[in-house]
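One-letter residues, chain by chain:
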Amino acid sequence: DQQVKQNSPSLSVQEGRISILNCDYTNSMFDYFLWYKKYPAEGPTFLISISSIKDKNEDGRFTVFLNKSAKHLSLHIVPSQPGDSAVYFCAASVTGGYQKVTFGTGTKLQVIP
Amino acid sequence: KAGVTQTPRYLIKTRGQQVTLSCSPISGHRSVSWYQQTPGQGLQFLFEYFSETQRNKGNFPGRFSGRQFSNSRSEMNVSTLELGDSALYLCASSTGTGVREQYFGPGTRLTVT
C-alpha cells in the first residue's frame, strides 16, 4: 500500500519556467512533509519541509504548498535551472513516529537549457 | 562536519549468502535509519536505531536486521540473500530528537546474482 504517491515519474521544463511537482498521500495521520532531491550516485539531500499547521512554506526558489483536505502537496521551483535536474522525493511522517518516514516513488525532473 | 559515510559502496553477492553493510553517521547524530531503494518503489523504510535501540521498523522480513553501536555507527545485515534484494541501500542520520530532516549517505549498491 503506497501511502505517499508521486504519480508523475518524470517532468520536463524549460529553463526559467516554473516546475511543479505533485504528491498525494492517503494516511490522514501524516502531519509533517518533506521534499528531498537526489542526484545520480548520491544520497538524497533535504530540500524543504512543511508542517500540517501551515499551508505554505518558502525557501528561496522553492515553495511547498499543502492542501490537507485534498491530501495533496506540491513543490514549486521558480525559476527552474539546469542544476535542478534530479529526482525529487516527497516524504511524510507522523509526530511521535520519530524518524519513520514514508517516501514516494520520486519524480525525475529535467530542466532543459 | 563530515557527512554520512557508507561502506562498501558496491557489493556483489551470490544468492543464499549473507551481507553486512556499514554506516557512520554525522558526528553528534544519534539516530540512524536504513532504506532500500529499488526502481519504481522509491525509498522503503527498513528500520531506525536511536542510542543503540531499534525505535522503528518497516515491513521487511526477518532476514533484514541491524544494530547500532555506542558511537552511533550502525550496521545492517541481510541473511540468505535473494535476487530481489538487489537494490541501493541508503543510510540516513539525524539528531533523532525533534528535527525530522535526515542526512543521507551515498548508499551501498548491492547486486545479488
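A quick note: this is a predicted structure, and the numbers were derived from the prediction, not measured.

Procedures and definitions
- Residues numbered from 1 in each chain as written.
- Chains lettered and ligands numbered in written order.
- Predicted model: local features only at pLDDT ≥ 70, side-chain atom pairs only at ≥ 80, totals over all residues.
- Heavy atoms only, no water.
- Pairing = 2+ DSSP bridges.
- Helix = DSSP H or I, 4+ residues; strand = E, 2+ residues; numbered from the N terminus.
- Salt bridge = Lys/Arg side-chain N within 4 Å of Asp/Glu carboxyl O.
- Buried < 20%, exposed > 50% of the residue type's maximum accessible area, 1.4 Å probe, protein only.
- Axes fitted to C-alpha atoms, helices over the stretch in contact; angles between N-to-C directions.

Colleague: Describe the sheet that holds strand 3 (residues 19–25) of chain A, with residues and values.
Modeller: All names here are of chain A. Taken together, the five strands give an open sheet; going across it, the order is 1-3-8-7-6, and neighbouring strands pair in antiparallel fashion. The open sheet has two free edges, formed respectively by strand 1 (4–5) and strand 6 (56–59), since each of these has just one partner strand. For strand 7 (residues 62–67) and strand 8 (residues 72–77), the ladder comprises six bridges, and the chain directions are antiparallel. Bridging across to strand 8, threonine 63 finds its partner in histidine 76.

Colleague: Explain the pattern of salt bridges residue by residue, including any values.
Modeller: All names here are of chain A. Taken as a whole, this structure holds seven salt bridges over all chains when the rule is applied. The shortest N-O distance in the salt bridge between lysine 56 and glutamate 58 comes to 3.9 Å. For glutamate 58, a relative accessible area of 52% corresponds to the exposed category.

Colleague: Just give me the short version of unusual backbone geometry, but keep the residues and values in it.
Modeller: In this chain, valine 78 of chain A is followed by proline 79 of chain A through a cis amide linkage whose omega measures -10 degrees. Locating proline 79 of chain A in the fold gives a position in the loop between strand 8 and strand 9 (86–93). Cis geometry marks the peptide bond from threonine 7 of chain B to proline 8 of chain B; its omega dihedral reads -10 degrees. Mapping proline 8 of chain B onto the fold places it in the loop between strand 1 (5–7) and strand 2 (10–13). Located in the positive-phi region is lysine 71 of chain A, a residue other than glycine, with phi close to 50 degrees. Tracing the chain through its elements places lysine 71 of chain A in the loop between strand 7 and strand 8.

Colleague: Which residues make up the sheet that holds strand 3 (residues 19–24) of chain B, and what values do they have?
Modeller: Residues and elements named next belong to chain B. Within the open sheet, the four strands sit side by side as 1-3-8-7. Their pairing is antiparallel. Looking at strand neighbours, the two that pair on one side only are strand 1 and strand 7 (64–68), the edges of this open sheet. Across this sheet, the average inter-strand angle for adjacent strands is 20 degrees, counted without regard to direction. The pairing of strand 3 with strand 8 (residues 74–78) spans five bridges and is classified as antiparallel. Of the residues in strand 8, the one forming a bridge with threonine 20 is asparagine 77.

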